[in-house]
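The residues making up each chain are set out below.
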Amino acid sequence: MKRILAIIRPDKLENVKKALEEIGCNGMTVKEVKGRGIQLGVTESYRGRDYKVDLLPKTEIEIVAQDEDVESITNKIVETARTGDIGDGKIFISPVEEVIRIRTGETGKKAV
Amino acid sequence: MSAVLSSGDTAWMLISTALVILMTIPGVALFYGGLIRRENVLNTIFLSFVSFAIVSILWFMYGYDMAFGADMWGFIGTIANPFFGGVIEANTLSTYAPTIPTGLYAIFQMTFAAITVALISGAVVERMKFSAWLAFIPVWLTLVYLPVAHWMWGGGWLAQMGALDFAGGTVVHVNCGMAALALVLLLGARKNSNLLPHHLGYSVIGTGLLWFGWFGFNAGSALGATNLAVSAMIVTNLSAAVGMLAWMLMDKLKTGKPTLLGALSGAIAGLAAITPAAGYVNITSAIIIGFVAAICGYYAVSHLKPRLGYDDALDVFGIHGVSGIVGTLAVGIFASPLINSVTTGGLIFGQTHLIGVQLLAIVVIGAYSFIMTLIIGKVIDKTIGLRVDDADEIRGLDINLHEESGYRLS
């Protein structure tokens, strides 16, 4: 099992959710987060003065999936969250040792 | 002919009074509340509300009399009716506005005192102790606002010299601007002195309420439902509109994009600048006043402040102080006897006296407010302490001073 952590533009969340539903990936946890990449944020102007804003609002999607589903899920996310401009985000994939469904106590594949 | 109560004038002044109350709570409170860090939103709003409450009480204990009571040496009014004793019961009409009750004139003026204090808070937000602010309000009201209001409006020495301030260019705006400057010099800069508004939507609502309420502020200062009130309302609206567009123009020229906060700031600069002049100038003059005030405000905020290095958090000096100075001088230039027969006119009517006394009013009131606020602030600093602990400032004042959060996720 793998944990897919995708950082995307907030306005792309709806598209990504819909696309993942189409391939049968329904479970996810979504958080509002702030972050920055290599471009170090943007400049905003207030009352005639410029301010560097280096932590931008982003949306984090966390999905735990079977190993064989990871590629199709990440492909869908890349496809639907991409604009081609700086700030589209990143996807991190890491192993998951165990999953437990609290309601039933099921573990492993059954609990994903 | 003896004075008779006019129900029309009284109705308009009741409405004007309510409009000016709306400017402070929640107008100024929301305008300021949207511009600071989210961790300080409640404290910032609270400063305006508590100012309004304290001034409301003190005004009727002794404030009105000190500002508008019988003149003593041109400096201060006599406290003849402490706690407003017997005034309302006597059903008298105001000596300042002979067609409305004395009590109505008094509460109308109270709203000016309250908003002046609340405006100062914009400079000190995000790092001043709440207890220090509570101590500051009554002392500043008594030692600064009441004498200054008496000098200009209560028959004091500046009024006797012919200085004009229709609705508060010196008493409200120069006064709060200079007091703000003094306080921030004592307080020092914030740990994080960026102006990154956490919720510009609040500021939009706050500015809308200010603009709306300003019709009570300026047109209400005609003290009746008269042609002068209509004239004041028109020039007030025009100056705000021109101020807004002028600031947008500056944004466009300097950074390539107009900003909403810039537009709001320009509107307030235009409103503040027309305030002393609203009852004395025509439409052309109002357009010039709004335009010049916004340009001067823009430079004060974007150039003067960073160059001098003081941290006037929400630009009380840069917008209110500077616009108050521009508008008060503008009275000396543009005042027209065709608009208001109390004046023989300013420079454009060939009169030089008025511009002289206007300048004197700015210098004296500005200097008095600045120096007295420095003294008051210093005393509070030595006793209560002006500034919160570093840790409280970094983590935010809402949770540390009030045990409340403006925003909660669950």
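Residues numbered from 1 in each chain as written. Chains lettered and ligands numbered in written order. Predicted model: local features only at pLDDT ≥ 70, side-chain atom pairs only at ≥ 80, totals over all residues. Heavy atoms only, no water.

Describing the overall build of chain A
Stage number 1. Along its length, chain A carries two helices and six strands.
Stage number 2. In sequence order, the secondary structure elements of chain A are arranged as β-α-β-β-β-β-α-β.
Stage number 3. Against the compact-globule benchmark of 13 Å for 112 residues, chain A has a radius of gyration of 17 Å, which places it well outside the compact range.
Stage number 4. The principal-axis extent of the C-alpha atoms belonging to chain A is close to 60 × 25 × 20 Å.
Stage number 5. Taking all 112 residues of chain A together, the buried fraction comes to 38%.
Stage number 6. Put simply, 70% of the contacts in chain A that link residues at least 6 apart link residues at least 24 apart. (Helix = DSSP H or I, 4+ residues; strand = E, 2+ residues; numbered from the N terminus. Rg over C-alpha atoms; globule rule 2.2 N^0.38 Å. Buried < 20%, exposed > 50% of the residue type's maximum accessible area, 1.4 Å probe, protein only. Contact = heavy atoms within 4.5 Å.)

With respect to the pairing of strand β1 (residues 2-8) of chain A
Residues and elements named next belong to chain A.
Stage number 1. In terms of burial, β1 is largely enclosed, as five of its seven residues are buried.
Stage number 2. Pairing of β1 with strand β6 (residues 89-95) involves seven bridges; the strand directions are antiparallel. Paired with Ile-4 across the strands is Ile-93, a residue of β6. (Pairing = 2+ DSSP bridges.)

Examining the UniProt feature "modified residue: O-UMP-tyrosine" (unreviewed entry) in chain A
Stage number 1. In this numbering, the UniProt entry assigns the feature "modified residue: O-UMP-tyrosine" (unreviewed entry) to Tyr-51 of chain A.
Stage number 2. Among the residues examined, Tyr-51 of chain A registers a relative accessible area of 7% and is labelled buried.
Stage number 3. When near neighbours in sequence (up to four residues on either side) are disregarded, Tyr-51 of chain A contacts Val-42, Thr-43, Glu-44 and Tyr-46 of chain A together with Asn-194, Leu-195 and Leu-196 of chain B. (UniProt positions renumbered as here; feature names shortened; annotations may be inferred.)

Details of the sheet that holds strand β2 (residues 29-35) of chain A
All names here are of chain A.
Stage number 1. Taken in spatial order, the four strands of this open sheet run β2-β5-β1-β6, and their pairing is antiparallel. At either end of the open sheet lies a strand with only one pairing partner, and these are β2 and β6. If you compare each strand with its neighbour and ignore which way they point, the axes differ by 20° on average.
Stage number 2. Bridging between β1 and strand β5 (residues 56-65) involves seven bridges; their strand directions are antiparallel. Paired with Arg-3 across the strands is Val-64, a residue of β5.
Stage number 3. Along the sheet, helix α1 (residues 13-22) makes contact with β1, β2 and β5, crossing β5 at roughly 15°. (Axes fitted to C-alpha atoms, helices over the stretch in contact; angles between N-to-C directions.)

Section: the UniProt feature "domain: Ammonium transporter AmtB-like" (unreviewed entry) in chain B
Stage number 1. Taken from the UniProt record, the annotation "domain: Ammonium transporter AmtB-like" (unreviewed entry) applies to residues 11-407 of chain B.
Stage number 2. Taken end to end, residues 11-407 of chain B has its terminal C-alpha atoms 40 Å apart, with 69% of it in helix and 1% in strand.

With respect to the packing of helix α6 (residues 169-187) of chain B against helix α12 (residues 353-383) of chain B
Residue and element names in this part refer to chain B.
Stage number 1. Between α6 and α12, the least distance of the axes is 8 Å, while the angle of their chain directions is 40°. By the angle between their directions, the pair α6 and α12 is classed as oblique. In the crossing of α6 with α12, the sense of the turn from one axis to the other is right-handed. When α6 is examined against α12, the residues Thr-170, Val-174, Asn-175, Met-178, Ala-179, Leu-181, Ala-182, Leu-183, Leu-185 and Leu-186 are found in contact with a partner set consisting of Ala-361, Ile-362, Ile-365, Gly-366, Ser-369, Phe-370, Thr-373, Leu-374, Gly-377 and Lys-378.
Stage number 2. Tallied by class, residues from the contact of α6 with α12 come to 13 nonpolar, six polar and one charged. (Parallel < 35°, antiparallel > 145°, perpendicular 65-115°, else oblique. Left-handed = near helix turned anticlockwise from the far one by under 90°. Nonpolar A, V, L, I, M, F, W, Y, C, P; charged D, E, K, R; others polar.)

Looking at the packing of helix α4 (residues 130-153) of chain B against α12 of chain B
Residue and element names in this part refer to chain B.
Stage number 1. One way to put it is that α4 packs onto α12 with a least axis distance of 10 Å and a crossing angle of 160°. Relative to α12, the element α4 lies roughly antiparallel. Handedness of the crossing formed by α4 with α12: right-handed. Along its contact with α4, which presents Ala-132, Ala-135, Phe-136, Val-139, Trp-140, Leu-143, Val-144, Pro-147, Val-148, Trp-151 and Met-152, the element α12 presents Ala-361, Val-364, Ile-365, Tyr-368, Ser-369, Met-372, Thr-373, Ile-376 and Ile-380.
Stage number 2. Among the residues making up the contact of α4 with α12, the classes are represented as 18 nonpolar, two polar and no charged.

A closer look at the interface of chain B and chain A
Stage number 1. Contacts between chain B and chain A engage 21 residues on the former and nine residues on the latter.
Stage number 2. Taken together, the two surfaces of chain B and chain A that pack against each other cover about 1,100 Å², and 61% of this comes from carbon and sulfur.
Stage number 3. By the criterion of area lost to chain A, the three top residues of chain B are Leu-195, Leu-196 and Thr-255 of chain B, representing 32% of everything that side buries.
Stage number 4. Seen at the junction of chain B and chain A, the total is one salt bridge.
Stage number 5. Two residues, Arg-47 of chain A and Asp-315 of chain B, come together in a salt bridge whose shortest N-O distance is 3.0 Å.
Stage number 6. Scanning the region where chain B abuts chain A turns up three residue pairs in polar contact (both at pLDDT 80 or more).
Stage number 7. At five residues, helix α10 (residues 283-308) of chain B tops the list of elements feeding residues into the side of chain B that touches chain A.
Stage number 8. The class makeup of the residues in the side of chain B that touches chain A is 13 nonpolar, five polar and three charged. (Buried area = accessible area lost by both parts, 1.4 Å probe. Salt bridge = Lys/Arg side-chain N within 4 Å of Asp/Glu carboxyl O. Polar contact = N/O pair within 3.5 Å; in protein donor to acceptor, adjacent residues only side chain to side chain.)

Observations concerning unusual backbone geometry
Residues and elements named next belong to chain B.
Stage number 1. Pro-26 follows Ile-25 through a cis peptide bond whose omega is 10°.
Stage number 2. Mapped onto the secondary structure, Pro-26 falls in helix α1 (residues 7-33).
Stage number 3. Despite not being glycine, Glu-126 shows a phi value in the positive range, around 75°.
Stage number 4. Mapped onto the elements of the fold, Glu-126 is located in the loop between α3 (102-124) and α4.
Stage number 5. In the Ramachandran plot, Asp-315 falls in the positive-phi region, its phi being about 60° despite a non-glycine side chain.
Stage number 6. Within the element layout of this structure, Asp-315 appears in the loop between α10 and α11 (316-334).

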